Amino acid sequence: MIETERIPAEIASEIVASYEAVIGLEVHCQLQTKSKLFTQDLNQFGTEPNTNVGPITLALPGTLPKVNKKAVEYAIRMGLASGCTINQYSIFDRKNYFYPDLPKGYQISQDKHPICLQGGVPITAKGADGVVGDRFIRFHHIHLEEDAGKSVHEGSDVDTFLDYNRAGTPLIEMVSEPDLRSAEETGAFVTEIRRLVRYLGISDGNMEEGSLRADVNVSIRKKGVQTLGTKVEIKNMNSIRNMMKAILFETQRQIETLESGGTLVQETRMFNVENGETYSMRVKETMNDYRYFPDPDLTPLVVSDEWLAEIKATMPALPHELREKFVNQYGIPAYDAAVLTDSREMAEYFESVCAQTNAYKTVSNWLMGPVKSFLNEQDGDIEKFPLTPEKLAELITLSETGVVSHTTAAQKIFPLLLESPGLSAKELAVSNNWVQNSNTNELESLVKEVLEAMPDKVAAYKKGKKGLMGLFVGQVMQKSNGSADPKMVNQLLAKLL
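Residues numbered from 1 in each chain as written. Predicted model: local features only at pLDDT ≥ 70, side-chain atom pairs only at ≥ 80, totals over all residues. Heavy atoms only, no water.

What the chain contains, in helices and strands, is 16 helices and 17 strands. With respect to the principal axes defined by its C-alpha atoms, the chain has extents near 95 × 65 × 50 Å. Taking all 497 residues of the chain together, 48% fall into the buried category. Put simply, the chain shows about 25,300 Å² of open surface, and 50% of that area lies on carbon and sulfur atoms. Each charge sign in the chain was given a centre, from 52 positive and 67 negative side chains, and these centres are 5 Å apart. (Helix = DSSP H or I, 4+ residues; strand = E, 2+ residues; numbered from the N terminus. Buried < 20%, exposed > 50% of the residue type's maximum accessible area, 1.4 Å probe, protein only. Areas by Shrake-Rupley, 256 points an atom, 1.4 Å probe, with all protein chains shown as cover. Lys, Arg positive; Asp, Glu negative; His and termini not counted. Charge placed at Lys NZ, Arg CZ, Asp CG, Glu CD.)

Structure below.
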């Protein structure tokens, strides 16, 4: 916050409020192919350094690259999912820049003819004005390129160790327009991209492993001004939380610099996780001269109409499409739909259970309640959940039809099924005498016994102490050893009272 002895806090707040942040991202996503982009070397995380390398990765003389068709398909899938125009004629270029961890000394990328153009991603997030709303964040383009290796500095203060395992890994770089205006919007944007690549099966999206990371471009300007301010790039953000912290700090830093009479310079900065601040890495020229030119070893990439149609035909339902479907077709709240579509696997499990029962809201409650609690305790996802959709549907049906109470289903039968998924929910209910008594005559006799035994309480209830209903229900349940149908007990009590 801009706050000195001369500037009262309320005035400082007004100054900050007069600015707006303008944010654009370059999101790098490693594609989950078996081999690298231009060679058959394994594309695998976590192996011993310099084991997934071969002649092409090492740029040995006489080697020639060959494009990985699956990587191209994955790039097209992301383009289709984000409404891009697929460029059916694209070109690979050499990006000439000193890369100590790319043996060739240049990177194969795409410049003026990328694989995907325009498009974007819808988000729901809190804007700079503090209001939650829907926005569409545009892409400028998506291009294919190879990743660089890793420079490792651990274990030495003076030496740099090079691991070429990651060199050549296929990447898509998603370059957004400067449409974002807050840290919250930026977080929602990257979250939605991560969700999309996982739905599409093109990447695991693990930011902690570097599968998904972003360079964040931040500038500020006075509200109402249309021209862009001086852009600062924050490199290699691999955490959404830290990305948001970096944006908040950088926005504040730039405002303070301008308000104190300073000048902003176009530069590249890094984020210090320990103190939550950005620091200068290098001053950036107005235009980097990477001396792009078409790679002479690679022919233009041509995507046929037939192949494009084939990819389109195998596209899965996307998160925003499923959210709309769950609200309209299954009648569940928008909040439930958002939670259930957070992963493709959870959405598919929900639909599989709904195919066995029409108690859609109850299914949603179970997945967001007992099932989610179990998964959180096990640190797992729905793919590791021991109950098949059919088993969970059977349990839900027992509860919905009154065969057992919800409490019995959730607290007694559910834990037993988790331990022994092969058992039947109904058989467990019968063998443990958990089946509810719904015999009207028997229950009415029990209700009468309870009421006759407490005439003073009955009189008090009739005089207005309606809270005594819980006492009556509890007494009936006790007399029935918990087998009475609570709903029917309430109905009979209301009738007799």
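On to helix α16 (residues 486–496), then. Along α16, the residues classified as buried are Met-488, Val-489, Leu-492 and Leu-493. All buried residues of α16 lie within an arc of 135° about the axis, which places them on one face of the element. Facing away from the buried side of α16, by more than 90 degrees, are the exposed residues Lys-487 and Lys-495. (Arc of directions from axis to C-beta.)

Looking at the element boundaries, Gly-46 is found in the loop between β1 (19–30) and α2 (69–81). Among the residues examined, Gly-46 registers a relative accessible area of 68% and is labelled exposed. Remark: the alpha-carbon pair of Gly-46 and Glu-209, spanning 163 residues in sequence, is separated by 8.9 Å.

So, on to the packing of α2 against helix α5 (residues 305–313). For any two helices packed against each other, the geometry is given by the interaxial angle and the distance between the axes. Interhelical geometry of α2 versus α5 gives an angle of 65° and a closest axis separation of 10 Å. The two elements α2 and α5 cross, and the hand of that crossing is right-handed. Contacts from Lys-69, Val-72, Glu-73, Ile-76, Arg-77 and Leu-80 of α2 reach α5 at Trp-307, Leu-308, Ile-311 and Lys-312. (Axes fitted to C-alpha atoms, helices over the stretch in contact; angles between N-to-C directions. Left-handed = near helix turned anticlockwise from the far one by under 90°. Contact = heavy atoms within 4.5 Å.)

So, on to the sheet that holds strand β4 (residues 93–96). If you trace the 3 strands from one edge of the open sheet to the other, you get β5-β4-β16, paired in antiparallel fashion. Pairing within the sheet leaves two strands with one partner each, and these edge strands are β5 (106–109) and β16 (293–294). Note that β4 and β16 share 2 bridges and pair antiparallel. Paired with Arg-94 across the two strands is Phe-293, which belongs to β16. (Pairing = 2+ DSSP bridges.)

What follows is about the packing of aromatic side chains. What characterises a pair of aromatic rings is the spacing of the ring centres plus the angle enclosed by the ring planes. Here the structure, examined in full by the defined rule, presents 11 aromatic pairs. Aromatic pair Phe-326 and Phe-350: ring centres 4.8 Å apart, planes at 50°, arrangement tilted. Of this pair, Phe-326 sits in helix α6 (residues 319–330) while Phe-350 sits in helix α8 (residues 344–354), and the two are 24 residues apart along the sequence. Classification of Phe-326 as buried rests on a relative accessible area of 0%. Of the residues examined, Phe-350 reaches a relative accessible area of 0% and is grouped as buried. Consider the rings of Phe-374 and Phe-385, whose centres lie 5.8 Å apart with planes at 70°: the pair is edge-to-face. Of this pair, Phe-374 sits in helix α9 (residues 360–378) while Phe-385 sits in the loop between α9 and α10 (389–400); the two residues are 11 residues apart in sequence, bridging distant segments of the chain. In this pair, the class of Phe-374 matches that of Phe-385, namely buried. Positioned above the aromatic ring of Tyr-290, the side-chain terminus of Lys-95 is 4.4 Å from the ring centre. (Phe/Tyr/Trp six-rings, centres within 6.5 Å; stacked < 30°, edge-to-face > 60°. Lys NZ or Arg CZ within 6 Å of the ring centre and 35° of its normal.)

A few words on the environment of Leu-398. Residue position: Leu-398 is located in helix α10. For Leu-398, a relative accessible area of 7% translates into the label buried. Considering only alpha carbons, one finds Leu-398 and Tyr-99, 299 residues apart in sequence, at a separation of 63 Å. Not counting residues within four places of it along the chain, the set of residues in contact with Leu-398 comprises Val-403, Val-404, Ala-425 and Lys-426.

With that out of the way, let us pick up the pattern of salt bridges. Applying the stated criterion to the full structure yields 23 salt bridges. The salt bridge partner of Lys-70 is Glu-73, with a shortest N-O separation of 3.3 Å. A residue pair is termed a helical-turn pair when its members lie 3 or 4 positions apart in one helix, as Lys-70 and Glu-73 do in helix α2 at 3 residues. The class for Lys-70 is partly exposed, based on a relative accessible area of 37%. The exposure class of Glu-73 is buried, given its relative accessible area of 13%. (Salt bridge = Lys/Arg side-chain N within 4 Å of Asp/Glu carboxyl O.)

To continue, consider the nonpolar core. Counting 60 residues, the largest nonpolar core has Leu-25, Met-78, Ile-172 and Ile-193 as the members making the most contacts within it. Among the elements that line this core, the one with the most residues is helix α3 (residues 183–200), at 8 residues. Setting aside residues no more than four positions away along its own chain, Ile-193 makes contact with Val-27, Met-78, Val-121, Phe-139, Met-174 and Leu-212. The next biggest cluster of nonpolar side chains, apart from the first, holds 38 residues, and it includes Tyr-330, Tyr-349, Ile-382 and Leu-398. (Core = buried A, V, L, I, M, F, W, Y, C linked by side-chain atoms within 4.5 Å.)

Tallying each qualifying case throughout the model produces 0 disulfides. The closest cysteine sulfur to the non-disulfide-bonded Cys-29 is located on Cys-116, 12 Å from its own sulfur. Among the residues examined, Cys-29 registers a relative accessible area of 0% and is labelled buried. Cysteine Cys-84 shares no disulfide, and the gap to the nearest cysteine sulfur, in Cys-116, comes to 5.0 Å. With relative accessibility at 10%, the residue Cys-84 sits in the buried group. (Disulfide = S-S within 2.5 Å.)

Below, the discussion takes up α6. Spanning 12 residues, α6 covers 15 Å between terminal C-alpha atoms, matching the ideal 16 Å at 1.5 Å per step. Within α6, burial applies to Pro-319, Leu-322, Phe-326 and Tyr-330. Projected down its long axis, α6 shows its buried positions confined to an angular sector of 60°, all on one face. Summarising the geometry of α6, the exposed residues directed more than 90 degrees from the buried face are Glu-324 and Asn-328. Next to the buried residues of α6 lie α3, α7 (334–340), α8 and α9. Backbone geometry just downstream of α6 places Gly-331 in the positive-phi region, at approximately 70°. (Expected span 1.5 Å × (residues − 1).)

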